[in-house]
Amino acid sequence: MKHRLFQFRYALYALFIGLLTINIYLVYRVKTVVNASDQTPKKPLFAAVAKPLKSFKELVLSSYTVKKPEIALTAWIPEWDYTNGTESFYAHARTFSQINPVWYLIDEDGQLESTKYAGETELHRIAQGQKVLFVPTIQEFDADYLHKILATKERTILHATEILTIIEKYNLDGIDLDYEMIYERDKENFYVLLRMLSDELHKKRKVLVIDVISKTSDDVSSYDSLVETRIVQDWTILAKYVDEIRIMAYDYANNTPGGSPINPYHWLEDVIEYAITKADPQKFILGTPLYSYTWNDEGLLGSHTYETIMESIKRRKAVPEFDIESKEWKVLLSEDKESTGTGTQIVWYQDMESFRHRLNLVKHYKLKGLALWRLGGEDTRIYGLLEDN
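The rules behind these values
Residues numbered from 1 in each chain as written. Predicted model: local features only at pLDDT ≥ 70, side-chain atom pairs only at ≥ 80, totals over all residues. Heavy atoms only, no water. Helix = DSSP H or I, 4+ residues; strand = E, 2+ residues; numbered from the N terminus. Buried < 20%, exposed > 50% of the residue type's maximum accessible area, 1.4 Å probe, protein only. Contact = heavy atoms within 4.5 Å. Polar contact = N/O pair within 3.5 Å; in protein donor to acceptor, adjacent residues only side chain to side chain. Salt bridge = Lys/Arg side-chain N within 4 Å of Asp/Glu carboxyl O. Phe/Tyr/Trp six-rings, centres within 6.5 Å; stacked < 30°, edge-to-face > 60°.

Colleague: So, the overall build of the protein: which residues are in play, and what are the values?
Modeller: Counting its regular elements, the protein contains 14 helices and 15 strands. The burial tally for the protein puts 48% of its 389 residues in the buried class. Contacts in the protein between residues at least 24 apart in sequence constitute 74% of all its contacts with a sequence separation of at least 6.

Now the structure itself:
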């Protein structure tokens, strides 16, 4: 009896499989006829699975688990060193929460001017694969250029619309406004611009970032440059519209004969302590330098990457000294055949040790994170510090 019952169950199972096979075949035939009549090419059955990675970088990066540090990290990639910047990002993408290639400038006619790499897709694709927000930067360094946009409300709205169109076109995660020179008379329309961008971007769950000039109090009369910009950039008002306020906390004294630190520790503390009285600490990203400045007795000679300075120190057999007060490195470089006519050079620079102190400030004051200016030629040991946090 049990044997017959087993045979019966087996027959039912075989019948079910047979009917299922026939059904699948009929569906396939119907789709074949429809596709043939439409002359619509069909995708391979396993197209999604068989699709290859588009680059070797993606293959390597995909082997890592995306686990972000607690401290948000972002960085700018300038057009003039895009290749080195992107290679640095590819090597350390796991540590980043956001990346900011400079895609646009504002030209003398008040129009957005594309940089060479605007619309470039590889960096965007790899950022997405590593769950890094892709938020390109618009840079502006001339208040006259920006005034042509902000002179009227109508032009301001057109500018906002153009930015929103770009974000939609390239499926960006947001936009970073690095508007470094603003006339006080343009303040009202500047906030019209921010309000419009904020409303539209937040509807789509995208981010609005703004980069601001550093200051330590509401009274900016003592500054010898960018006074109007500092007045317009009211950090309390900005916090109502933007997701991140990036404080460009560097270039403390960028033309001092004999040299000075790039962002001395005590000054950074003053900047941060002022910031957290204006808005929630989690609104603020501390901009920190990865570069060096070289001076002689007459003034500033130039800026170089960490890698370049290390090569100069090695070539000249110089001995760097860590300045306890500023928590930066300082080194004297004697004149050689590659620096003829400059005399003895004084270099202040940042490395892993100085970066550690900036990272600790961010943690102590509970800021959102750090923004690096800029990727390419930096001391790559800094990424180990971030992965440990």
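Colleague: Explain the side chain of Lys278 residue by residue, including any values.
Modeller: Topologically, Lys278 is positioned in helix α11 (residues 265-278). Of the polar contacts made by the side chain of Lys278, one reaches the side chain of Asp218; its length is 3.2 Å. For Lys278, the contacting residues outside a window of four places in its chain are Asp218, Trp235 and Thr236.

Colleague: Can you break down the environment of Asp176 residue by residue, with the values?
Modeller: Relative to the elements of secondary structure, Asp176 occurs in strand β6 (residues 174-179). Setting aside residues up to four positions removed in sequence, Asp176 forms contacts with Trp76, Asn100, Val135, Pro136, Thr137, Ile138, Val209, Ile210, Asp211 and Arg246. There is a polar contact of 3.0 Å between the side chain of Asp176 and the side chain of Trp76.

Colleague: Tell me about the pattern of salt bridges, residues and numbers included.
Modeller: The tally for this structure, following the rule as stated, stands at twelve salt bridges. A salt bridge links Arg246 to Glu244; the nearest nitrogen and oxygen atoms lie 3.4 Å apart. Look at Arg246 and you get buried, because its relative accessible area is 0%. A salt bridge links Glu244 to Lys368; its shortest N-O distance comes to 3.1 Å. Of this pair, Glu244 sits in strand β8 (residues 244-248) while Lys368 sits in the loop between α13 (352-364) and β15 (369-373), placing them 124 residues apart in sequence. The class of Glu244 is buried, set by a relative accessible area of 7%. On the accessibility criterion, Lys368 (25% relative accessible area) is partly exposed. One continuous salt-bridge network, built from bridges that share partners, spans Asp176, Glu244, Arg246 and Lys368.

Colleague: Give a detailed account of the packing of aromatic side chains, specifying residues and quantitative values.
Modeller: All told, the structure shown has 20 aromatic pairs when counted by the stated rule. Geometrically, the ring pair formed by Tyr291 and Tyr293 is edge-to-face, given 5.3 Å between the ring centres and 70° between the ring planes. Each member of the pair Tyr291 and Tyr293 is classed as buried. Between the aromatic rings of Tyr293 and Trp295, the centroid separation amounts to 5.6 Å while the plane-to-plane angle is 70°, which identifies the pairing as edge-to-face. Accessibility expressed as a relative area gives 0% for Trp295, which makes it buried. Linked through ring pairs, Phe89, Tyr90, Phe96 and Tyr383 together constitute an aromatic cluster.

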